[in-house]
Amino acid sequence: MIEPSRELRDACAIVGIGNSRLGRVPGVSSLDLLVEAMHNAIADAGLKVTDIDGIVCRGPDESYTHHQQIGARLGVNARFSTTLDNGGASQILGVALATMAIKAGMASTVIIGFGRDSWSRTHSSKEANLRNETRPDNQLAQEFGPEYGYFGAVAAHAFGATRHMHLYGTTRDQFGHIAVAFREHALRNPAAQMKKPLTLSQYHEAPPVVAPFGLLDCSLRSDAAGAVIVTSRERARDLRQPPVSIKGFGSFNNLRGWFADDNMVTTAAKKSGETAYRMAGIGPDDVDTAQIYDCFTYMVLAQLEDYGFCKKGEGGPLVASGALRMGGRLPTNTSGGQLSEAHAEGMLQVVEGARQMRHTYPAERQVTDAEIALVSGHGGNQVCHSTLILGRA
Amino acid sequence: MNDTSEKPLPHPAPESLHFWQAAREHRLEIQRCNACGQFWFPPALSCPHCQATDFVWAPVSGRGKVFSFVTYHRVYHPAFAKEVPYVVALVELDEGPRLLTNIIGVAPDKVACDMPVKVVFDDCNESVSVPKFTPNDAAA
């Protein structure tokens, strides 16, 4: 095993945090939503746009030259600028890349962000909806899928849920506890897309989509963007906000495929997390709050196991114990997550993890005395994973 | 006819042409490495086990078991409106590779992980047949 760099532990910090309007924001493109989030992050940091000399960002899957379009809208050139291609794992990878670029002397102040307009593009017309359902991106397989009626990310993840239920006796009731806990958190978040309470029986009554998943196992289609700004620890001390230290990060990519090996049950989160824990010099027992990539309920359960919060196969009892709720053993997705706040491919999980480390929330939203936050990113064709560990500076 | 009401047919990549030609003749053939002897799927021009490029298209038993499966209740594509609920499964062949497919000839709520299955061919039109799987009661 290679050893992650200890020099990067606490070397950089998040100094600006922002999000766009979330949920249903008709008439605003994904690019302008992201610029809105970036402007908010820059203002939060007390910086000027011209202080930014690095951009790492991402948008909807079909975006080309995305970072160039964002730079044009911000009106800045950049020493370091690129777009990533790891799906929902890209956003944490952006924070990691920013840290590496800063330590390499390639940039001083890097903004990372993701924005999408999924609510608007799904609901604008029937034709748009069909196109979105059957051709979610230009990497769609032309064989070994569509001819069998196999479409969409719901089914891909549902395969993992079926297998986990078979191996460990995991139940839909346990998945439901995840959806209910995150909805409770969303109700404390005025910006969240979902505004109504959710009970376990309502979870069970929701229509099936691709079994074992029903509607409430699935994350939201949102117009949403988030952004954070990373700079060196030294520079962070001179800025307006309490810095949030980047303690460690990791990534792993099960490129042999979601359907290969046991990847749909033991995900790439396991090895990604091991790297991040080693860089940060901590273990799962040190984590006070987790912000887990919750594209579907099952993925939360699988990742909690992979990150070592319980043994493989014991995620069901863990989530049913109430551990994920505010005041529980591991308050998780404290903004409501992608299931109930808004879905911006993991970017809002970075935003929430960083905000928890500032201790500026009202008491009902703040994880008490939280010193360490773990954030996860998952995506691509279910095989790319990234992990970020944040701490109080 | 509205073109969105027709089921999508496979559009083979160059390396997959043999698979679909064999399927048209109701034979399930998978690439087997002449260097290490292992099978692989989906089709590619080099072995993911040993990187050799010397292979044959070998007939396989058509028997395997359900590794995992999902049941579509929602219509994603209008051509499948009459099919729901239908089962999409990952079948692990006795020879090792896993194929995405449908399980047919059995009620969706009777499908289970590790259930033995065998291949059957669904003739979509005069030139395309798609391998699907059905319970292999003889192995149960």
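A.B. asks: For this particular structure, what's the right way to read the overall build of chain A?
C.D. replies: Helix and strand counts for chain A come out as 14 helices and 11 strands. Whereas a compact globule of 393 residues would reach a radius of gyration of roughly 21 Å, chain A reaches 19 Å, a difference of no more than 12%. Once the C-alpha set of chain A is aligned to its principal axes, its extents read approximately 50 × 45 × 40 Å. Looking at the 393 residues of chain A, the share that counts as buried comes to 58%. Of the contacts formed within chain A by residues at least 6 apart in sequence, a portion of 79% connects residues at least 24 apart.

A.B. asks: What exactly am I supposed to notice about the interface of chain A and chain B here?
C.D. replies: Interface size, as often reported, equals the accessible area lost upon joining of the parts. On the side of chain B, 30 residues touch chain A, which itself brings 26 residues to the contact. Going through the elements one at a time, α5 (126-134), α6 (152-168) and β5 (208-211) of chain A are the ones with two or more residues in the side of chain A that touches chain B. Broken down by element, the side of chain A that touches chain B gets its largest block of residues, seven residues, from α6 of chain A. Its residues assigned to classes, the side of chain A that touches chain B shows 15 nonpolar, seven polar and four charged. Bridging between β5 of chain A and strand β4 (residues 63-72) of chain B involves two bridges; their strand directions are antiparallel. Across the sheet, residue A211 of chain A finds its bridge partner in β4 of chain B, namely T71 of chain B.

A.B. asks: So what exactly am I meant to see when it comes to the sheet that holds strand β3 (residues 80-83) of chain A here?
C.D. replies: Strand pairing in a sheet relies on backbone hydrogen bonds. The paired strands run either parallel or antiparallel. Residue and element names in this part refer to chain A. Spatial strand order, β3-β2-β4-β7-β1-β8-β11-β10-β9: nine strands in an open sheet with mixed pairing. Since the sheet does not close on itself, it has two edges, and those belong to β3 and β9 (289-291), each with one partner. Neighbour-to-neighbour, the strand axes of the sheet open up by a mean angle of 25 degrees, direction not taken into account. Of the strand pairs in this sheet, strand β2 (residues 54-58) and β3 are connected by four bridges, and their pairing is parallel.

A.B. asks: Whenever I open this one, the nonpolar core confuses me. Can you help?
C.D. replies: Within soluble globular proteins, side chains that are nonpolar generally end up buried alongside one another. Counting residues in hydrophobic clusters, the biggest one holds 149 residues, and the most contacted among them are L34, V95, V228 and V230 of chain A. Counting residues per element, this core draws most heavily on helix α1 (residues 30-45) of chain A, which supplies nine residues. When we break this core down by domain, the ones giving at least three residues each are domain 1 (12-60) and domain 2 (61-140) of chain B. If near-sequence neighbours (up to four positions away) are discounted, V228 of chain A is found in contact with I14, G16, I17, A41, V95, I112, V350, V351 and A354 of chain A.

What counts and what doesn't
Residues numbered from 1 in each chain as written. Chains lettered and ligands numbered in written order. Predicted model: local features only at pLDDT ≥ 70, side-chain atom pairs only at ≥ 80, totals over all residues. Helix = DSSP H or I, 4+ residues; strand = E, 2+ residues; numbered from the N terminus. Rg over C-alpha atoms; globule rule 2.2 N^0.38 Å. Buried ≥ 20, exposed ≤ 12 C-beta atoms within 10 Å, placed from the backbone. Contact = placed C-beta atoms within 7 Å. Nonpolar A, V, L, I, M, F, W, Y, C, P; charged D, E, K, R; others polar. Pairing = 2+ DSSP bridges. Axes fitted to C-alpha atoms, helices over the stretch in contact; angles between N-to-C directions. Core = buried A, V, L, I, M, F, W, Y, C linked by C-beta atoms within 7 Å. Domains from an automatic or database assignment.

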